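Summary of structural features
Residues per chain, in single letters:
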Amino acid sequence: MDVPADPTAGQFELNDEQRAIQEMAEAFAQDRVAPQALEWDRNHHFPADVIRETGQLGFGGIYVRDDVGGSGLKRLDAVLVFEALSRACPAFSSFISIHNMGAWMIDTFGNEEQRQRFLPKLTSMEWLASYCLTEPGSGSDAAALKTRAVKSGGDYVLNGAKQFISGAGDSDIYVTMVRTGQEGPKGISTLIVPKDAPGLSFGAQEHKMGWHMQSTRQVIFEDCKVPAENLLSDEGMGFRIAMAGLDGGRLNIAACSLGGAQSALEKALAYTADRKAFGSAINQFQALQFRLADMETELQAARIFLYTAASKLDRKAPDAGKWSAMAKRFVTDTGFKVANEALQLHGGYGYLHDYGVEKLVRDLRVHQILEGTNEIMRVIIARALIGRD
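Everything numeric here is computed off the predicted structure, so don't read it as measured data.

A short note on the overall build of the protein chain
Looking only at helices and strands, the protein chain has 10 helices and 10 strands in total. Taking 2.2 N^0.38 as the reference for a compact globule, 389 residues should give roughly 21 Å; the C-alpha atoms of the protein chain span a radius of gyration of 21 Å, in line with that estimate. For the protein chain, with 389 residues in total, the buried portion stands at 56%. Across the protein chain, contacts joining residues at least 24 apart in sequence account for 74% of those joining residues at least 6 apart. Of the roughly 16,100 Å² of accessible surface on the protein chain, 52% is carried by carbon and sulfur atoms.

Right under this line is the structure:
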């Protein structure tokens, strides 16, 4: 019962350039990430040096325009990159996704001066970016955010806090959603906040179930001054910017689940071929074979679904938002299920850190929560089906 050498075979016919991108990401992941992933997880180490190396491969601005150092690729290309990287470490791949979301927002909604000022250092990974939307009192209800920015001369003065921010304290740029006007989505704007902004600080490191190699902290604004020229687009555009970024972010995080689950399945295949019980390798028992067959089937279905959704976003299809939500819900649920099943097939060894399966289970669990919980994905899908805004 072998996993095909090329997981895309028979689903999407990738062109030569896409295969080269996929192979480059896979080679980097196996050479620079996989050998150290368990150590990073065990020591809660943020590998900024290795993350910055991905800038040399064009992964600092995957779908950013090339005049500022971006790769100018499509969303399907990005999905291939994140899937390949996450086979070595989903937490590593997920941070690259978050960085790309911030860079894309500046490239898409920023003016030319902002693009030239920020993006060359972001696409090269000299600077790392974080995305700040969630707050302690407004998770799924993003439009209720309270962090306020008040115009004062040539600055905005920010007060409030953001919660669960990946890269907080390590990133150089924070693309931040703030309230500049009325309550609700129309009062939200977006500011680019540099790490050295006066009044910016960070909370204590959160102790998390997974994603141990990423720092996760509060981002705190106390009379934090940010130049008014760092306003992205116009006042009142922040909610639109945030939601546009999330469509792509949902596909990316789904790709991270897919790659991590693929790795878990491969570990299960190797283990069940080697492990002996009652005189035979345990992969000779039909009940176990059926479980492996279901895992493979579900992963391949998730892959087709994800690639289709990414293609729709590339084409700007009218239903791309719904498909992004459906893909995020389906692929992250499937990815966690497959990784958890792989742990079960390892028996007691699956619970040990050195086998790497329990790390995948821990890392993939949060994918069902972030970029919009899977319950919120169902709300988005249902509203699209019945015609509600």
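Let's pick the thread back up.
A few points about unusual backbone geometry
Phi at Met125 takes a positive value of approximately 70°, unusual for a residue other than glycine. With a phi close to 50°, Asp223 is a non-glycine residue in the positive phi region. Note that Asp223 resides in strand β7 (residues 216-227).

Observations regarding the packing of helix α8 (residues 320-345) against helix α10 (residues 374-386)
Contact geometry of α8 with α10 gives a least axis separation of 9 Å together with a crossing angle of 145°. α8 and α10 meet at a crossing whose hand is left-handed. Contacts between α8 and α10 involve Lys322, Ala325, Met326, Lys328, Arg329, Thr332 and Asp333 on the former and, on the latter, Asn374, Met377, Arg378, Ile380, Ile381, Ala384 and Leu385. For the contact of α8 with α10, a count of residues per class yields 7 nonpolar, 2 polar and 5 charged.

As for the side chain of Glu135
Locating Glu135 in the fold gives a position in the loop between β1 (129-132) and β2 (148-152). Under the relative-accessibility criterion, Glu135 is labelled buried at 6%. Only 2.9 Å separates the side chain of Glu135 from the side chain of Lys162, close enough to count as a polar contact. Beyond its immediate chain neighbours, meaning those up to four positions away, Glu135 contacts Leu145, Lys146, Thr147, Ala161, Lys162 and Gln163.

Focus: a nonpolar patch on the surface
A contiguous nonpolar surface patch, about 270 Å² in accessible area, is contributed by Tyr349, Leu352 and Tyr355. Relative to the helices and strands, Tyr349 is located in the loop between α8 and α9 (357-365). Here Tyr349 falls in the partly exposed class, since its relative accessible area comes to 36%.

Re α9
Taking burial as the measure, the 9 residues of α9 include 8 buried ones, the bulk of the element. Every buried residue of α9 is accounted for by Val357, Glu358, Lys359, Leu360, Val361, Arg362, Asp363 and Leu364. On its buried face, α9 is in contact with α1 (16-43), α4 (90-109), α6 (238-274) and α8.

Some remarks on the nonpolar core
Counting residues in hydrophobic clusters, the biggest one holds 96 residues, and the most contacted among them are Ile51, Phe92, Met105, Tyr131, Met177 and Leu306. In terms of residue count, the dominant contributor to this core is α6 (15 residues). Excluding anything up to four places from it in sequence, Met105 contacts Gly110, Tyr131, Val175, Met177, Leu232, Ile241, Ala242 and Gly245. In terms of nonpolar packing, the next biggest core, distinct from the first, is built from 18 residues, Cys132, Val219, Ala228 and Leu231 among them.

Cut-off values and rules
- Residues numbered from 1 in each chain as written.
- Predicted model: local features only at pLDDT ≥ 70, side-chain atom pairs only at ≥ 80, totals over all residues.
- Heavy atoms only, no water.
- Helix = DSSP H or I, 4+ residues; strand = E, 2+ residues; numbered from the N terminus.
- Rg over C-alpha atoms; globule rule 2.2 N^0.38 Å.
- Buried < 20%, exposed > 50% of the residue type's maximum accessible area, 1.4 Å probe, protein only.
- Contact = heavy atoms within 4.5 Å.
- Areas by Shrake-Rupley, 256 points an atom, 1.4 Å probe, with all protein chains shown as cover.
- Axes fitted to C-alpha atoms, helices over the stretch in contact; angles between N-to-C directions.
- Left-handed = near helix turned anticlockwise from the far one by under 90°.
- Nonpolar A, V, L, I, M, F, W, Y, C, P; charged D, E, K, R; others polar.
- Polar contact = N/O pair within 3.5 Å; in protein donor to acceptor, adjacent residues only side chain to side chain.
- Patch = residues over 30% accessible without salt bridge, like charges linked within 9 Å, V, L, I, M, F, W, Y side chains within 5 Å.
- Salt bridge = Lys/Arg side-chain N within 4 Å of Asp/Glu carboxyl O.
- Core = buried A, V, L, I, M, F, W, Y, C linked by side-chain atoms within 4.5 Å.

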